[in-house]
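Chain residues, written in single-letter form:
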Amino acid sequence: MSTHAQPVADTGIELEIGGMTCASCANRIERKLNKLDGVTATVNYATEKAKVTVPDGYDPQLLVSEVEKTGYTAALPKPQQAGPAVSTYEAEDETDPELTSLRHRLIGASVLTVPVIAMAMVPALHFTYWQWASLALAAPVIVWAAWPFHKASWTNLKHGTATMDTLISMGTAAAFLWSLYALFLGTAGTPGMTHAFELAIAPSDGAANIYLEVGAGVTMFILAGRYFEKRSKRQAGAALRALLELGAKEVSVLRDGAEIKIPTADLQVGDEFVVRPGEKIATDGTVVSGTSAVDASMLTGESVPVEVVAGDPVTGATVNAGGRLIVKATRVGSDTQLAQMAKLVEDAQTGKAQVQRLADRISGVFVPIVIVIAVVALGAWLGAGFPVTAAFTAAVAVLVIACPCALGLATPTALLVGTGRGAQMGVLIKGPEVLESTRTVDTVVLDKTGTVTTGKMTLTEVIAEPGTDRAELLRLAGALENASEHPIAQAIAKGAAEESGQLPTPEDFANVEGKGVQGVVDGHAVLVGRESFLADWSQRPSPDVAAAKAAAEVEGKTVVAVSWDGQARGILVVADAVKPTSAQAIAELKQLGLTPVLLTGDNDAVARRIAHEVGIEQVIAEVLPKDKVEVIARLQRNGKVVAMVGDGVNDAPALAQADLGLAMGTGTDVAIEAADITLVRGDLRAAVDAIRLARKTLSTIKTNLFWAFAYNVAAVPVAALGMLNPMLAGAAMAFSSVFVVGNSLRLRGFRSVTKQP
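Residues numbered from 1 in each chain as written. Predicted model: local features only at pLDDT ≥ 70, side-chain atom pairs only at ≥ 80, totals over all residues. Heavy atoms only, no water.

Residue-level account of the sheet that holds strand E2 (residues 40-44), with values.
Picture the strands of a sheet paired through backbone hydrogen bonds; they go either parallel or antiparallel. Ordered by their spatial adjacency, four strands build an open sheet running E2-E3-E1-E4, and the pairing between neighbours is antiparallel. Among the strands making up the open sheet, the edge pair consists of E2 and strand E4 (73-75). Strand-to-strand twist in this sheet, taken as the mean axis angle between neighbours without regard to direction, amounts to 25°. Where E2 meets strand E3 (residues 49-53), five bridges bridge the pair, whose relative direction is antiparallel. Within E3, the position partnered with Asn 44 by the bridge is Lys 49. Those strands touched by helix H2 (residues 60-69) are strand E1 (12-18), E3 and E4, and its axis lies near 30° from that of E1. (Pairing = 2+ DSSP bridges. Helix = DSSP H or I, 4+ residues; strand = E, 2+ residues; numbered from the N terminus. Axes fitted to C-alpha atoms, helices over the stretch in contact; angles between N-to-C directions. Contact = heavy atoms within 4.5 Å.)

Written as structure tokens, this is what we have:
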């Protein structure tokens, strides 16, 4: 499928953006592009793509150069081949150079930093020239490994903003430059120099101290955090690959009366192709001959198979569950419904507002304050008549102590422990941005089929005519239906086998297309199918059974009539059953302060019956798959922060659009990839656990960030008074890091409040 080719007329251009380090980078590029005449742009930090709408004939290179002026990189997508199986996202399977670079920097930093920290903190390791060995090991870490932070910091400085990168760069550079000064121009370079193991607060000569372990340690910890986050972020865009994988790869085309196998990409509009039972329909088309039941649940989400005959439309990637069909292709490639669904997912992902990271927001305020304190300290010391060396010692000490290494651990450690605990409970959380969304969610939209209900046809009622044995009715009907491939027939056969045990084998079995089945079971001539099928044999149900049938059909259930030996014997009711845990899950969601809304393409009567059964008041029914996104967007425009729980391809765009997408692990890969959280168990109660765990993890991250800054903030006045010694700087770094890790580990004790069935 082609997603975005080179610009044509008024269609969008997609740019691949490089060099973004936070959501504020994306906002900056977006603002810059939107200032251009006639250009409308949205930039997505998670997918690293910019979607731009330009006037007819606009030169896309102007967009690229505008982005580059802002200090980032931009590239146009490569020209693509035609065909449904080709995507710009295929390139993402290749190794990501940015991730590889981060990994190399992290490995290098870890190998070099550990001995630097050990030498600084353990006096026994202070051999004669240990400080010079520290410099040799720390210099590559602070200059090369931390280069992405310095580069981002410079970009931010040019735009008058400060982020976490600014804080890291400023602190590590201050620690490194002061250490160089102390080593080359001060007394720290003298042989046998030691850092006494004392945490006493007393004025000290800064020219005798080095802070290399602070600069190197901060770099290593922050790189570790960035690497783990980047790895999880690279999964963005996989939803589209999963969508493209759904389609059939080969198709049997009829050419001059003979069947020829060709790749689906070569299929042309007007081609006639064969679809056998169990095969996927290759592309959108119209049935030319044959009758069958088509399982479209993967696309529409509805569990009842659709009966098709000659002249009916069928959709690509749905499954032929019944007889042999010959279909004429009406749409191929990027025009198919599946391709349109992929485009909806992509649009929803691109348009989704990215939360600016908490650490960046704090840094934006903290950095200017720290710089002001450093300048004030410098001025105060000079104004009080102290030597320039003492004044600079105090100012630089403020910058060194203000750079909290725990800041880099605050999010990743809580995330790693939280996601690990979630995985044990069957809840998979994709990344830190997801957690920011859970805090403010107030509405949870639930897909019906496969989420609140089982998504499978189940035998729910057996109603026998007066004088007919219920067990016999079920046994004879189940035996006949067992010989049919139809999904409804299989549901009846399964229900009969569970209740009656071994079913007899029918004789003279025949399938009457569009009507039902007939055959001989244990010497009885049995008919099972529509009421009109029995009426053809002048067999009609009694008034009571007819009333029960009408009542079941009003509720959207499927009713099958049964007769044998020339007399109507009863009806079997088949429906998509509610999961036994759904009602409890809805009650738990309400306790979390969320408003549940049922969203379905099914008819209103069915939707309201299911909603009433599980305790949902708000129902939005008869919604087409492509309109689910609009329903979510409308709720968002009305000020709601929306979580969406779904499982089908038709839910994927809505899952991507929602502020928080939760996919049932029992659903399609597409839904899982488009969602932020996956519920492995397929149990709606897992959604409750997911939201509680995400909120708890976010709360832990906030506590971590508070303490990451608190230790350092408390030490800033000490530094400003010129009393900061390297041990105190190292201890602040170590204590804050240990606290953050310890606090994060408490998440391992998170427990599910839901009672197991």
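Tell me about the pairing of strand E20 (residues 558-564), residues and numbers included.
Strand residues, when the strand is regular, have side chains that alternate between the two faces of the sheet. Most of E20 sits inside the fold, with six of its seven residues counted as buried. Where strand E19 (residues 524-529) and E20 come together, four bridges link them in antiparallel fashion. Bridge pairing in E20 places Val 526 opposite Trp 564. Both E20 and strand E21 (residues 567-578) contribute to a ladder of seven bridges, which runs antiparallel. By the bridge assignment for E21, Trp 564 is matched with Gln 567. In this structure, the hairpin formed by E20 and E21 is closed by a connection of two residues, where Asp 565 is found at a positive phi of approximately 50°. (Buried < 20%, exposed > 50% of the residue type's maximum accessible area, 1.4 Å probe, protein only.)

How would you sum up the sheet that holds strand E10 (residues 306-308)? Please name residues and give values.
Strand order across the open sheet formed by three strands is E10-E9-E12, with antiparallel pairing between neighbours. Each edge of the open sheet carries a strand with a single partner, namely E10 and strand E12 (319-320).

Tell me about helix H5 (residues 147-158), residues and numbers included.
Helix length check: H5, at twelve residues, gives a terminal C-alpha distance of 17 Å against a target of 16 Å (1.5 Å per residue), a fit within 8%. For H5, the full list of buried residues reads Phe 149, His 150, Ala 152, Ser 153, Thr 155 and Asn 156. Phi turns positive one or two residues past the end of H5, at Gly 160, with a value near 70°. (Expected span 1.5 Å × (residues − 1).)

Which residues make up the nonpolar core, and what are the values?
In terms of nonpolar packing, the biggest core is built from 56 residues, with Ile 210, Leu 212, Leu 223, Val 370, Val 398 and Val 400 touching the most fellow members. Contributing elements (two or more residues each) for this core: helix H3 (97-121), helix H4 (130-145), helix H6 (164-184), helix H7 (212-233), helix H11 (358-383), helix H12 (388-402) and helix H25 (685-720). Here this core gets ten residues from one element, more than from any other, and that element is H6. Ignoring anything within four residues of it in the chain, the contact list for Val 398 reads Val 370, Ile 373, Ala 374, Val 716, Ala 719 and Ala 720. Membership of the second largest hydrophobic core comes to 47 residues, among which are Val 417, Val 606, Ala 611 and Val 688. (Core = buried A, V, L, I, M, F, W, Y, C linked by side-chain atoms within 4.5 Å.)

So, the pattern of salt bridges: which residues are in play, and what are the values?
Under the criterion given, the structure shown has 20 salt bridges. Across the pair Glu 630 and Arg 637 runs a salt bridge whose closest N-O atoms are separated by 2.6 Å. Residue classification places Glu 630 among the partly exposed positions, given a relative accessible area of 37%. If you follow the salt bridges from partner to partner, you end up with Glu 259, Arg 276 and Arg 324 in one network. (Salt bridge = Lys/Arg side-chain N within 4 Å of Asp/Glu carboxyl O.)

Quick one: what's the story with unusual backbone geometry, residue by residue and with numbers?
One non-glycine residue, Asp 522, lies in positive phi territory at about 50°. Positionally, Asp 522 belongs in the loop between strand E18 (516-521) and E19. Phi is positive for Glu 622, close to 55°, though the residue is something other than glycine. Within the element layout of this structure, Glu 622 appears in the loop between strand E23 (618-620) and helix H22 (628-637).

Pulling in residues and values, what's your account of the confidence of the model for the protein?
Taken as a whole, the protein shows an average pLDDT of 79; of its residues, 83% reach a score of 70 or greater. Per-residue pLDDT stays below 50 along residues 1-9; that stretch engages in 35 contacts with residues further than four places along the chain or on separate chains. (pLDDT = per-residue confidence, 0-100.)

Before we move on, could you go through the UniProt feature "transmembrane region" (unreviewed entry) in the protein and cite the residues and values that matter?
Taking the numbering used here, the UniProt-annotated feature "transmembrane region" (unreviewed entry) corresponds to residues 106-123, 129-147, 167-188, 208-228, 362-384, 390-417, 705-722 and 728-747. Here residues 362-384 runs as 96% helix and 0% strand, with 33 Å between its end C-alpha atoms. (UniProt positions renumbered as here; feature names shortened; annotations may be inferred.)

Break down the packing of helix H20 (residues 582-591) against H25 for me, with residues and values.
Where H20 contacts H25, the axes come no closer than 8 Å and their chain directions differ by 25°. Relative to H25, H20 is oriented roughly parallel. Residue-level inspection shows Gln 584, Ala 585, Glu 588 and Leu 589 of H20 in contact with H25, the latter providing Arg 685, Val 688 and Ile 691. Considered class by class, the residues forming the contact of H20 with H25 number four nonpolar, one polar and two charged. (Parallel < 35°, antiparallel > 145°, perpendicular 65-115°, else oblique. Nonpolar A, V, L, I, M, F, W, Y, C, P; charged D, E, K, R; others polar.)

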